Amino acid sequence: MLYAVIAEDVENSLELRMSVRPDHVARLVALKDSGKLVLAGPHPAIDSDDPGTNGFTGSLIVAEFDSLEKAQAWADTDPYIKAGVYKKVTVKPFKKVLP
């Protein structure tokens, strides 16, 4: 089943994000390589693809996991959590309808 991982950043998270981004992205690449990643990306803090120093307010990841518990366990070990980038992470089932 698909699950949405919806994360909210702490204020002024850009420096923290950049410091652990390679580890965060490596986990996403592994998920992609296993054929389980549907999409992943950050929420820019402003209406721009490149928010510059405004940074980001969170992230969205949609991926396939065997259960909600496994999706939550995967999300709980994200480097952004360990580094203090995310202040809140919600994991819930997702049903893709379109496209």
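Model, not experiment: these values are computed from the prediction. (Residues numbered from 1 in each chain as written. Predicted model: local features only at pLDDT ≥ 70, side-chain atom pairs only at ≥ 80, totals over all residues. Heavy atoms only, no water.)

Chemist: For this particular structure, what's the right way to read the nonpolar core?
Modeler: Proteins that are soluble and globular tend to have nonpolar side chains buried together. With 11 residues, the main nonpolar core is built from Tyr3, Val5, Leu28, Leu31, Ile61, Ala63, Phe65, Ala71, Trp74, Ala75 and Val91. Residue assignment for this core shows that the elements contributing at least two residues are β1 (2–9), α1 (14–33), β3 (56–64) and α2 (68–76). Once residues within four sequence positions are removed from consideration, alanine 63 is found in contact with Met1, Leu2, Tyr3, Leu31, Lys36, Leu37 and Val38. (Core = buried A, V, L, I, M, F, W, Y, C linked by side-chain atoms within 4.5 Å. Buried < 20%, exposed > 50% of the residue type's maximum accessible area, 1.4 Å probe, protein only. Helix = DSSP H or I, 4+ residues; strand = E, 2+ residues; numbered from the N terminus. Contact = heavy atoms within 4.5 Å.)

Chemist: Any chance you could explain the pattern of salt bridges here in plain terms?
Modeler: If the charged atoms of two oppositely charged side chains come close together, the side chains can form a pair. In total, this model carries 4 salt bridges according to the counting rule given. Across the pair arginine 27 and aspartate 78 runs a salt bridge, and its minimum N-O distance is 3.4 Å. In this pair, arginine 27 is assigned in helix α1 and aspartate 78 in the loop between α2 and α3 (79–83), connecting sequence segments 51 residues apart. Each member of the pair arginine 27 and aspartate 78 is classed as buried. (Salt bridge = Lys/Arg side-chain N within 4 Å of Asp/Glu carboxyl O.)

Chemist: Hey, could you run me through the layout of surface pockets in this one?
Modeler: Gaps left between atoms show up when a probe the size of a water molecule is rolled over them. Size it by volume and the largest pocket reaches roughly 200 Å³. Along the walls of the largest pocket sit 14 residues, with Arg21, His24, Val25, Gly41 and Pro42 positioned nearest its centre. Contributing elements (two or more residues each) for the lining of the largest pocket: α1, β2 (37–44) and β3. The greatest single-element share of the lining of the largest pocket, amounting to 6 residues, is contributed by α1. Class assignment for the residues of the lining of the largest pocket results in 9 nonpolar, 3 polar and 2 charged. Forming the boundary of the second largest pocket are 13 residues, of which Val10, Glu11, Asn12, Asn54 and Phe56 lie nearest the centre. Looking at the lining of the second largest pocket residue by residue, the classes come out as 4 nonpolar, 6 polar and 3 charged. (1 Å grid on protein atoms, 1.4 Å probe; cavity = no way out; pocket = protein on both sides within 12 Å on 5 of 7 lines; lining within 4 Å. Points joined across faces, edges and corners; volume = space filled by probe spheres on them. Nonpolar A, V, L, I, M, F, W, Y, C, P; charged D, E, K, R; others polar.)

Chemist: Please explain the packing of aromatic side chains as it appears in this structure.
Modeler: The final tally for this structure, using the stated rule, is 3 aromatic pairs. Relative to tryptophan 74, the ring of phenylalanine 65 lies with its centre 5.6 Å away and its plane at 45°, an arrangement referred to as tilted. On the accessibility criterion, tryptophan 74 (15% relative accessible area) is buried. Centre to centre, the rings of tyrosine 80 and tyrosine 86 are 5.4 Å apart; their planes meet at 90°, and the pair counts as edge-to-face. Across this residue pair, the class does not change: tyrosine 80 and tyrosine 86 are buried. (Phe/Tyr/Trp six-rings, centres within 6.5 Å; stacked < 30°, edge-to-face > 60°.)

Chemist: How should the pairing of β1 be read in this particular structure?
Modeler: Where a strand is regular, its side chains alternate between the two sheet faces. By the criterion of burial, β1 is predominantly enclosed, with 6 of the 8 residues buried. For β1 and β3, the ladder comprises 7 bridges, and the chain directions are antiparallel. What sits directly across from isoleucine 6, in β3, is leucine 60. Across 8 bridges, β1 lies against strand β4 (residues 86–94) in antiparallel orientation. Across the sheet, residue leucine 2 finds its bridge partner in β4, namely phenylalanine 94. (Pairing = 2+ DSSP bridges.)

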